[in-house]
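Each chain, written out:
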Amino acid sequence: MKKRAAVLLLSLLLAVTASPGVRAAPAASPTFASPSSPFSDLSTEHWAYPYVHDLYLQGVVGGYPDGTFQGENPVTWGEAFKLILLAVGCEEPENDPDLHWAQPYIQLALDNVLVYSFDEGSLDEPPTRLSVARMAARALDLTDISGESPYEDCQDGYVVELFEKGIMDGTLEDDGVRRFHPDQFITREELSAVIWRLRSVDVTQGMMRFSNYWLDVLDGVPPTAFTPEQFVKDERGRVTYTGGYFTRGVDVSGHKQDIDWPAVAADGIDFAIIRAGNRLYGKNSTAAVCEDSYFDQNMQGAIAAGLDVGAYFFSSAITVEEALEEADLLLSKLEPYRQYITYPVVCDWEFLGGKNSRAYGVDAKVITQCIAAFCRRVEEAGYQPMFYFNDYCGYVKFDLSKLTQYDFWYAEYADTPGCIYNFQMWQFSSKGQVAGISSDVDMNLCFVPYPKPAGTEEPVTTEAPAESPLPTDAPAGEPEPSPTPSDQNWFV
């Protein structure tokens, strides 16, 4: 697996682009190169010469039997796998003489999430610049959550992240437009400069570490104002907030079966968020949208017991169309109870199943668009929208900076929330004990008053009080793969 010291070396991967004059700033380069070239076709005046020469002296790259380097030839997937993987500290796998020389690097690339899948028949094919950029960013443990793209022809989050780190700069062309040329192949001379630069800069400076990822602190997302001292346990062992307004609630689905709602209300519970349905999330599932068969029973029982109520849909949408389908089903289920819905209507998008999830490998930008579409539909219907996330989803799978217009429901099972961002509701336990519910139940604190039932006036919009935060620990998913470098007759 990757070693931390080696990860720091992958800094300026792909800093060069398709021409010698277009490099990402800061463009580090060797301080000394021999006045004589080891390759007959590589001039000492060539922009890539210092990089190639230094790597040649280190035994990293070599030429062809005829003494040429052929720097404009495209790199193959196998070569890219080997170079990137070894650059981030992976051990060179044992070679099987009966297999393609780069075949052992495929599993290593999958294990290190450089790619999500790979056909070994493509080892001698050239990867595009976009593919190599994604491999580089994943090798650096970066996510695809980033700012606006500087490129006219590429909006990919990984590419933008590399630009923001000064790793790739694209081409500022004669018409004044910056382009990345994502579908072009990367050449041997470009990748040589890339591999040399990955030894030079720590791109993680100023970033935060979460699990296996390096993350930027997002601009425009309010930071937490909660402090650990504001949370204490009451005589029942339930977490309580001492910093201001709060209510206590549960969220339930049909898995709880029959609930004695008057007993729930008598046990100090103020609100209930009730599941209306879910989408099947398995990669090999039908991805069908299902209604919760206990929704009406739970909604009617909670309302009759005097609880404030909201609702949620358990989402695994991977397209905006799917997200809208889910929202529409939820809204149709809510219509008979419109006048009683005082709490948020929630998109509960969760990443479950790891590599077996239908959302495995889906870009954060796409998932963020799904959540935004869901919440927008809810808002248009006159309800208070909200979305749910744990640390992994909030930091890695969502771009929270694009969702700040909606309320946050954070999940971390702990005595105090650890999220660095602000939130309006906190799910602090999945093991709550509440009278009237026969099994463990999710427990929540809400820090914002939601006073008006939907449709009684203008749609309710709320802002978190000065003391509202965001947490850090909930069902975490697992990282995702990227590709790695290789070896051929130009590698020693």
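See the structure above.
In this report, we go over the structure that sits alongside the text. (Residues numbered from 1 in each chain as written. Predicted model: local features only at pLDDT ≥ 70, side-chain atom pairs only at ≥ 80, totals over all residues. Heavy atoms only, no water.)

## Let's talk about helix H2 (residues 49-57)
When H2 is considered as a whole, its buried residues turn out to be Tyr-49, Tyr-51, Val-52, His-53 and Leu-55. Where the residues of H2 are buried, they touch helix H7 (188-197). Of the residues trailing H2, Gly-59 is marked for its positive phi of about 80°. (Buried < 20%, exposed > 50% of the residue type's maximum accessible area, 1.4 Å probe, protein only. Helix = DSSP H or I, 4+ residues; strand = E, 2+ residues; numbered from the N terminus. Contact = heavy atoms within 4.5 Å.)

## A short note on empty space enclosed by the protein
Counted by the stated rule, this structure contains two cavities of 30 Å³ or more. As a volume, the largest cavity reaches approximately 100 Å³. Among the secondary structure elements, those contributing two or more residues to the lining of the largest cavity are strand S4 (213-215) and helix H12 (391-397). Per-class residue counts for the lining of the largest cavity are eight nonpolar, two polar and two charged. (1 Å grid on protein atoms, 1.4 Å probe; cavity = no way out; pocket = protein on both sides within 12 Å on 5 of 7 lines; lining within 4 Å. Points joined across faces, edges and corners; volume = space filled by probe spheres on them. Nonpolar A, V, L, I, M, F, W, Y, C, P; charged D, E, K, R; others polar.)

## A closer look at the side chain of Glu-190
Among the structural elements, Glu-190 can be located in helix H7. Polar side-chain contacts of Glu-190 include one of 3.1 Å to the backbone nitrogen of Thr-187. (Polar contact = N/O pair within 3.5 Å; in protein donor to acceptor, adjacent residues only side chain to side chain.)

## Points about the state of the cysteines
Tallied over the entire structure, the rule returns zero disulfides. Sulfur of Cys-375: no disulfide; nearest cysteine sulfur belongs to Cys-347 and is 5.6 Å away. Exposure remark for Cys-375: the relative accessible area of 1% places this residue in the buried category. (Disulfide = S-S within 2.5 Å.)

## Side note on the pairing of strand S15 (residues 441-446)
Burial analysis of S15 places six of its six residues in the buried class, which makes it a mostly covered element. Sheet topology places strand S7 (residues 247-252) next to S15; five bridges connect them, and they run antiparallel. Following the sheet pairing, Asp-251 is matched in S15 by Asp-442. Alignment of strand S14 (residues 425-432) against S15, held across five bridges, turns out to be antiparallel. Of the residues in S15, the one forming a bridge with Trp-426 is Leu-445. (Pairing = 2+ DSSP bridges.)

## Describing the pattern of salt bridges
For the structure shown, the criterion picks out 23 salt bridges. Here Lys-165 and Asp-216 are joined by a salt bridge, their closest N and O atoms 2.5 Å apart. Of this pair, Lys-165 sits in the loop between helix H6 (157-164) and strand S1 (171-172) while Asp-216 sits in the loop between S4 and strand S5 (231-233), and the two are 51 residues apart along the sequence. The shortest N-O distance in the salt bridge between Arg-279 and Glu-326 comes to 2.6 Å. Placement of the pair is Arg-279 in strand S8 (residues 271-279) and Glu-326 in helix H10 (residues 320-334), with a sequence separation of 47 residues. Each of the salt bridges in this network shares a partner with another, and the network as a whole consists of Arg-279, Glu-322, Glu-325, Glu-326 and Arg-358. (Salt bridge = Lys/Arg side-chain N within 4 Å of Asp/Glu carboxyl O.)

## Some details on helix H11 (residues 364-380)
Taking 1.5 Å as the rise per residue, H11 with 17 residues should run 24 Å; its terminal C-alpha atoms sit 24 Å apart, in good agreement. Turning to H11, its buried residues number three or more, namely Ala-364, Ile-367, Thr-368, Cys-370, Ile-371, Ala-372, Ala-373, Phe-374, Cys-375 and Val-378. Residues of H11 that are buried in the fold lie against strand S10 (308-315), H10, strand S11 (341-349), strand S12 (385-389) and H12. Once H11 finishes, Gly-382 follows within two positions and takes phi at roughly 95°, a positive value. (Expected span 1.5 Å × (residues − 1).)

## Remarks on the packing of helix H5 (residues 129-139) against H6
Relative orientation of the contacting elements H5 and H6 amounts to 65°, with a least axis distance of 9 Å. Relative to H6, the element H5 is oriented roughly perpendicular. With respect to the hand of their crossing, H5 and H6 are arranged in left-handed fashion. Along the contact surface, H5 presents Leu-130, Ala-133, Arg-134, Ala-136, Ala-137 and Arg-138, while H6 presents Tyr-158, Val-159 and Leu-162. (Axes fitted to C-alpha atoms, helices over the stretch in contact; angles between N-to-C directions. Parallel < 35°, antiparallel > 145°, perpendicular 65-115°, else oblique. Left-handed = near helix turned anticlockwise from the far one by under 90°.)

## A short note on the environment of Pro-223
When you line up the elements, Pro-223 lands in the loop between S4 and S5. The spacing of Pro-223 and Tyr-421 is 198 residues in sequence and 4.2 Å in space, taken between C-alpha atoms.

## Here we look at the packing of aromatic side chains
Inspection of the entire model under this criterion finds 36 aromatic pairs. Centroid distance Phe-226 to Phe-231: 5.6 Å. Interplanar angle 75°. Geometry classified as edge-to-face. Here the two residues Phe-226 and Phe-231 agree in accessibility, since each one is buried. Taking the centre distance of 5.8 Å and the plane angle of 45° together, the rings of Phe-351 and Tyr-392 count as tilted. Separated by 41 residues along the polypeptide, Phe-351 in the loop between S11 and H11 and Tyr-392 in helix H12 bring together distant segments of the chain. Across the ring face of Phe-69, the terminal group of Arg-188 is positioned such that the distance to the ring centre comes to 4.7 Å. Taking NZ or CZ as reference, Lys-397 lies 4.7 Å from the ring centre of Phe-351, over its face. (Phe/Tyr/Trp six-rings, centres within 6.5 Å; stacked < 30°, edge-to-face > 60°. Lys NZ or Arg CZ within 6 Å of the ring centre and 35° of its normal.)

## Structural notes on unusual backbone geometry
You will see that Gln-257, though not glycine, has its phi angle at about 55°, which is positive. Examined against the element boundaries, Gln-257 turns out to sit in the loop between S7 and helix H8 (261-266). The phi angle at Ala-287 is positive, at roughly 60°, despite the residue not being glycine. Secondary-structure assignment places Ala-287 in the loop between S8 and strand S9 (289-291). When its relative accessible area of 12% is taken as the criterion, Ala-287 is described as buried.

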